[in-house]
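Okay, here's what each chain looks like letter by letter:
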Amino acid sequence: MQPRETNTADPAGEVNRIDVGGIKLTVITCPHCQLNQFPICSGNCRRCNKPMAKEQPEDLIAKRILGELTENELIVLYLVSDGHRNRMIGEIMGTTEQVTKNRVREVFNKTGMDTRLELAIFATMHPQLLEEGKECLKQRYNPQ
Ligand SMILES: [Zn+2]
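Just so you know, these numbers come straight off a predicted model, no measurement behind them.

Quick look at the packing of helix H3 (residues 86-93) against helix H4 (residues 97-111) now. Remark: H3 packs on H4, axes separated minimally by 8 Å, with the N-to-C direction vectors making an angle of 105°. Compared by their axis directions, H3 and H4 come out roughly perpendicular. For the pair H3 and H4, contact is made by Asn-86, Arg-87, Ile-89, Gly-90 and Met-93 and by Glu-97, Val-99, Thr-100, Lys-101 and Val-104, respectively. Residues belonging to the contact of H3 with H4 are distributed by class as follows: 4 nonpolar, 3 polar and 3 charged.

Right, here's the structure in full:
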């Protein structure tokens with residue numbers, strides 16, 4: 001998975017995910033010196049000190065994934081991260097275990113995660129996704 005973000009004002013660093021000991025971590029690659037580094041606070045490269053991105057890479061990733069996930073998938077992401085098994089998620093959402101399985105697979109594909117644990121860690125790093133999933137679930141069962 002190679003998320004790319006363009007920024008017309010400043011050259012934005014490329015946001016990538018790398019595998020470290022089986023856990024996928026977000027890195028941003030400096031467009032000036034190509035140094036891979038973990039999300040940073042200043043928005044400047046640690047080596048050459050040039051600006052890399054206006055937004056935090058984690059925010060860019062969350063925003064992109066928010067645009068890709070359907071409402072059902074956001075709910076699934078929230079329930080999986082909350083520790084629920086497929087059968088329970090199916091019961092909550094009023095579908096079969098198989099439909100839930102397919103939705104979980106879609107969420108894995110779109111987030112680039114491989115396991116439920118990875119997904120839960122990923123969701124913790126991107127709380128906007130959890131908030132959105134929770135909101136979708138609430139609206140589904142308590143429509144105003
Ligand atoms: Zn640099």
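Bringing the sheet that holds strand E1 (residues 14-20) into the picture now. Read across the open sheet, the 3 strands follow the order E1-E2-E3; overall the sheet is antiparallel. The open sheet has two edge strands, E1 and strand E3 (36-37), and neither has a second partner. In the sheet, strand E2 (residues 23-29) pairs with E3 via 2 bridges, with the strands oriented antiparallel. Within E3, the residue paired with Ile-28 across the bridge is Gln-37.

Procedures and definitions
- Residues numbered from 1 in each chain as written.
- Predicted model: local features only at pLDDT ≥ 70, side-chain atom pairs only at ≥ 80, totals over all residues.
- Axes fitted to C-alpha atoms, helices over the stretch in contact; angles between N-to-C directions.
- Helix = DSSP H or I, 4+ residues; strand = E, 2+ residues; numbered from the N terminus.
- Parallel < 35°, antiparallel > 145°, perpendicular 65-115°, else oblique.
- Contact = placed C-beta atoms within 7 Å.
- Nonpolar A, V, L, I, M, F, W, Y, C, P; charged D, E, K, R; others polar.
- Pairing = 2+ DSSP bridges.

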